[in-house]
Amino acid sequence: QVQVVESGGGLVQAGGSLRLSCAASGRTFSTYAMGWYRQAPGKVREFLGAITWSAGSTYYEDSVKGRFTISRDNAKNTVYLQMNSLKPEDTAVYYCAEVGHWWELVRDDYWGQGTQVTVSS
């Protein structure tokens, strides 16, 4: 239902910052929230956090809490991931996807192209 385009990735030095964007289309009244995920080489896809479209309520996993911030611009149907104090272990392809009331993935058969983040030491 919701289609996404991720952007903003790149190469950054450890300790640096990046802001990723997720442009969403096909959103309806029933679309509750968007989540951010990442997948490093040889690893499973990891849930990072999410934000609701209505109130902007956020949730973060411990792995990124205090360093990453999720925000949204409803007028632009865009969700952002501000990443600070980046570490080499943050290197991964980053994805956004629709999530529900319990931050669960709404559909597991659709992903955007993702955006590559590479953090050098």
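Up top you'll find the structure we're talking about.
This text gives an overview of the structure that appears in the document. Predicted, not measured: the structure shown is a model, and the values here were computed from it.

Relative to the helices and strands, threonine 78 resides in strand S8 (residues 78–83). Among the polar contacts made by the side chain of threonine 78, one reaches the main-chain carbonyl oxygen of lysine 76 at a distance of 2.9 Å. Once you skip the residues sitting within four places of it in the chain, threonine 78 turns out to touch Ser21, Cys22, Ala23, Trp53, Ser71, Arg72 and Asp73.

We now examine empty space enclosed by the protein. Under the definition given, this model contains one cavity of 30 Å³ or more. Contributing to the lining of the largest cavity are Val2, Val4, Cys96, Ala97, Glu98, Leu105, Arg107, Tyr110 and Trp111. Counting residues per element, the lining of the largest cavity draws most heavily on strand S9 (residues 92–99), at three residues. Taken together, the residues of the lining of the largest cavity break down into seven nonpolar, no polar and two charged.

Right, let's talk about unusual backbone geometry for a bit. Phi at asparagine 77 is positive, roughly 50°, even though this residue is not glycine. With respect to the helices and strands, asparagine 77 occurs in the loop between strand S7 (68–73) and S8. With phi around 65°, tryptophan 103 is a residue other than glycine that occupies positive phi space. Tracing the sequence through the fold places tryptophan 103 in the loop between S9 and strand S10 (115–120).

Once that is clear, we can look at the sheet that holds strand S3 (residues 18–25). On the basis of which strands lie adjacent, the open sheet formed by four strands has the order S1-S3-S8-S7 and antiparallel pairing. Edge positions in the sheet fall to strand S1 (3–7) and S7, since each has one partner strand and no second. For this sheet, the mean inter-axis angle between neighbouring strands, taken without regard to orientation, is 20°. Relative to S8, S7 runs antiparallel, the two sharing six bridges. Looking at the pairing, arginine 72 lines up with valine 79 of S8.

Conventions we followed
Residues numbered from 1 in each chain as written. Predicted model: local features only at pLDDT ≥ 70, side-chain atom pairs only at ≥ 80, totals over all residues. Heavy atoms only, no water. Helix = DSSP H or I, 4+ residues; strand = E, 2+ residues; numbered from the N terminus. Polar contact = N/O pair within 3.5 Å; in protein donor to acceptor, adjacent residues only side chain to side chain. Contact = heavy atoms within 4.5 Å. 1 Å grid on protein atoms, 1.4 Å probe; cavity = no way out; pocket = protein on both sides within 12 Å on 5 of 7 lines; lining within 4 Å. Points joined across faces, edges and corners; volume = space filled by probe spheres on them. Nonpolar A, V, L, I, M, F, W, Y, C, P; charged D, E, K, R; others polar. Pairing = 2+ DSSP bridges. Axes fitted to C-alpha atoms, helices over the stretch in contact; angles between N-to-C directions.

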